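Here's the letter readout for the chains.
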Amino acid sequence: MIRPEVEAMTRTVIELRRDLHRHPELGFEEVRTSAKVAEFLRASGLEPTTGIAKTGVTALIQGGEPGPTLMLRADMDALPIEEETDLEFASQVPGKMHACGHDLHTAILLGTARILNDLKPRLKGNVKLVFQPAEEGPGGAEPMIKAGVLEGVDYALGLHLWSDLPCGHVAITPGPVMAAADTFRVRIHGKGGHAAYPHESEDPIVAAAALITAMQTLVSRNTSPFDSAVVSVTQIQGGSADNIIPERVEFSGTIRTFHPSTKAAVIKRLQDMVPSLCRSYGTEGEFEFIEGYPALINNPLPCQWVKSAAEEMELALSAQATMGGEDMAYYLQKVPGAFFFLGAAPDQPERIFPHHHPKFQLDERAVPLAMELFLRCVESCLK
Ligand code: NI
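Residues numbered from 1 in each chain as written. Predicted model: local features only at pLDDT ≥ 70, side-chain atom pairs only at ≥ 80, totals over all residues. Heavy atoms only, no water.

### Thoughts on the coordination of the nickel ion
Taken together, Cys 100 (SG), His 102 (NE2) and His 160 (NE2) make up the full set of protein donors to the nickel ion, lying 2.2 to 2.3 Å away. Here the donor residues of the nickel ion are spaced in sequence according to C-x1-H-x57-H. Linking Cys 100 in the loop between strand E3 (65-75) and helix H3 (102-119) with His 160 in strand E5 (residues 155-166), this pair joins segments that are 60 residues apart in sequence. No difference in accessibility class separates Cys 100 from His 160, as the two residues are buried. (Donors = N, O, S within 2.8 Å, 3.2 Å for Na, K, Ca; no water. Helix = DSSP H or I, 4+ residues; strand = E, 2+ residues; numbered from the N terminus. Buried < 20%, exposed > 50% of the residue type's maximum accessible area, 1.4 Å probe, protein only.)

Right under this line is the structure:
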C-alpha cells in the first residue's frame, strides 16, 4: 500500500517539517524556508529556480518519455499567531506559527520530489514542482502565474492536510470546493452631536445597527437554499465618548460564495441596500467591494486520479467543500486540476483544534500517505 521508497523517506520529511515548523516565516518573507527548499531540491539532483514572486521556488522533473506536464504545488508561509502547543518542535519565532500545516505541505512535496526524481526514466511526461509564498495573504499564486510558472503546465494538483478529518481519510470533490473570499467595507456618515440631544443629530450608529441586521437577510432571504453564501461583519469602528453621537461609523467583513452569479447578486444587493437604508436614517452610506481569491473549482479528471489512488490505498473517501478561501484557485482557473484534503487529525480529541488556532496541530502519520497519493496521481497522469 505504501511503497518502500516512501517508508524510507518519511523520517527525512518529518525532520524537515519540524525544522520548518520551528522557523515559521510570513508571506513573501519565506527567505529561510525557500533556501531550505532549494537546498533539498539540489541535494535531490534537481536544478531549482529561486526568487520567483520574491520567495517562490520551482523545479522540473523531466520524464524519460514525452507527455503532459503535471504541476504539484505546495504553500510555504506561516501565520502571525503566537504558538501555544506543547510540541517539542514548537515555533521559536515570537508571534509566528505554522498554524495551517504549510510546513508539512512543503516537506511532503520535497520528499515526493526526491522519490520522483529517481523514478523519472519511467515517466511519460514531466512533473513541475511549485513552492509558492504567501497563501495566507496577500496571495502568492497570482504573482507566480504572472512570473510564468504555468507555462507548459497541463494539469495541477494541490493538497491540504486537515485537522478535523481523521487520518486515513481523503476528501476530494469535483466542482466547487472552496469559496470565493471577498471583502467589503461600509462607511456611514451622519451628523454628530451631544448624546443628550439625539433629535439634533443623524446617528450613524443606529443606521449601522439597522444595516447589519438587514444584511442578515442576504443569505436567508436572497440566496437559494440549494446554493451557499456567507456574509459576516467582522470589524466595526465608531465613536469616541459616552456623551457624543459620532459623525461616522465604518464596518467591514467577508463575503464567501461558490458561484459567480451568487457573488454578483450579493454585491448588487449590498450596493442597493447600503445607500438606501442609510438614507432612511438620515445618514449617507457608501459601499466598497474588494475582490479576493476566486472560488476553487476542481476538474473531474484529476479528481479521478486522486480518488483511484485513495481507493487503491484503501483510504476512506468523502466529499468536502468549505467556505474557506485558497489561492490554489488561481492556478485552477487556468489549467484543469484538483485540490484535495487529507485527514491529519491528532489521535487524542483534546488535541484537535481548527486551522489558524494557537494550539493547532496535525498528525505526522499523514506524511507517507500524502507522498504515496501524490506518486500514484503522477503515475495516473503520466502513464
Ligand atoms: Ni492553509
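Picking up where we left off.
### Remarks on the sheet that holds strand E8 (residues 180-189)
With antiparallel pairing, the four strands of this open sheet are ordered in space as E10-E12-E8-E13. Two strands bound the open sheet, and with one partner strand each, they are strand E10 (229-238) and strand E13 (284-293). For this sheet the average axis-to-axis angle between neighbouring strands, irrespective of direction, equals 20 degrees. In terms of strand pairing, E8 meets E13 through eight bridges, oriented antiparallel. Residue His 189 lies in a different strand from E13, and its bridge partner there is Glu 284. Where helix H5 (residues 204-215) meets the sheet, its contacts fall on E8, E10 and strand E12 (248-257), and the angle it forms with E12 comes to roughly 10 degrees. Strand contacts of helix H7 (residues 260-280): E8, E10, E12 and E13, with the helix running at about 160 degrees to E13, the strand carrying the most contacts. (Pairing = 2+ DSSP bridges. Axes fitted to C-alpha atoms, helices over the stretch in contact; angles between N-to-C directions. Contact = heavy atoms within 4.5 Å.)

### Overview of unusual backbone geometry
Cis geometry is found at the peptide bond from Gly 137 to Pro 138, where omega equals 0 degrees. Here Pro 138 shows up in the loop between strand E4 (124-132) and helix H4 (141-146). Positive phi, normally seen in glycine, also occurs at Phe 28, with a value near 65 degrees. In this structure, Phe 28 sits in the loop between helix H1 (4-22) and helix H2 (31-43).

### Quick notes on helix H8 (residues 300-312)
Residues spaced three or four apart along an α-helix face the same direction, because each turn holds 3.6 residues. Relative to the 18 Å expected for 13 residues at 1.5 Å per residue, H8 spans 18 Å between its end C-alpha atoms, a close match to the ideal helical length. For H8, every residue scored as buried is listed here: Pro 302, Cys 303, Trp 305, Val 306, Ala 309 and Ala 310. Projected onto a plane normal to the axis of H8, the buried residues spread over an arc of 155 degrees and lie on a single side. Two or three places before Leu 301, at the start of H8, stands the capping residue Asn 299, its side-chain oxygen 3.0 Å from that residue's backbone nitrogen. Positive phi appears at Glu 314, one or two residues downstream of H8, with a value of about 60 degrees. (Expected span 1.5 Å × (residues − 1). Arc of directions from axis to C-beta. Polar contact = N/O pair within 3.5 Å; in protein donor to acceptor, adjacent residues only side chain to side chain.)

### What to know about the nonpolar core
Among the nonpolar cores identified, the biggest contains 65 residues, and Leu 41, Ile 108, Leu 129 and Phe 131 are the most heavily contacted of them. Top contributing element to this core by residue count: helix H10 (residues 366-381), with 11 residues. Aside from chain neighbours lying at most four places away, what touches Leu 129 is Leu 41, Leu 46, Val 57, Thr 58, Ala 59, Ile 61, Leu 72, Leu 109 and Ala 113. One finds Ile 52, Met 71, Tyr 293 and Phe 339 within the second-largest nonpolar core, a separate group that totals 26 residues. (Core = buried A, V, L, I, M, F, W, Y, C linked by side-chain atoms within 4.5 Å.)

### Examining the domain arrangement of the protein chain
As far as domains go, the protein chain holds domain 1 (4-177 + 295-381) and domain 2 (180-293). A separation of 38 Å is found between the C-alpha centroids of domain 1 and domain 2. Taken together, the contacts link 18 residues of domain 1 with 11 residues of domain 2. For the domain 1 and domain 2 pair, buried surface summed over both sides reaches about 930 Å², with 69% attributable to carbon and sulfur atoms. Of all residues in domain 1, the largest losses of buried area upon contact with domain 2 belong to Pro 176, Ala 295 and Met 323, amounting jointly to 58% of the total for that side. The tally of links between domain 1 and domain 2 comes to zero salt bridges. Taken together, the connections running from domain 1 to domain 2 amount to three residue pairs in polar contact (both at pLDDT 80 or more). (Domains from an automatic or database assignment. Buried area = accessible area lost by both parts, 1.4 Å probe. Salt bridge = Lys/Arg side-chain N within 4 Å of Asp/Glu carboxyl O.)

### Quick look at the sheet that holds strand E6 (residues 169-171)
Across the sheet, which stays open at both edges, the eight strands sit in the order E1-E2-E4-E3-E5-E16-E6-E15 with mixed pairing between neighbours. The sheet is open, and its two borders are formed by strand E1 (49-52) and strand E15 (316-318), each paired with just one other strand. Between one strand and the next, the sheet's axes are offset by a mean angle of 25 degrees, whatever the strand orientation. Sheet topology places E3 next to E5; four bridges connect them, and they run parallel. Looking at the pairing, Met 71 lines up with Ala 156 of E5. Packing against the sheet, H3 makes contact with strand E2 (56-62), E3, E4 and E5, and its axis sits at approximately 155 degrees to E3.

### Some details on the pattern of salt bridges
Within the structure shown, the criterion is met by 27 salt bridges. With its nearest N and O atoms 2.8 Å apart, the salt bridge here joins Arg 73 to Asp 327. Linking Arg 73 in strand E3 with Asp 327 in the loop between E15 and helix H9 (328-334), this pair joins segments that are 254 residues apart in sequence. Judged by relative accessible area, Asp 327 falls into the buried class, the value being 0%. A network of salt bridges, in which partner residues are shared, links Arg 3, Arg 122, Glu 312, Glu 372, Arg 376 and Glu 379.

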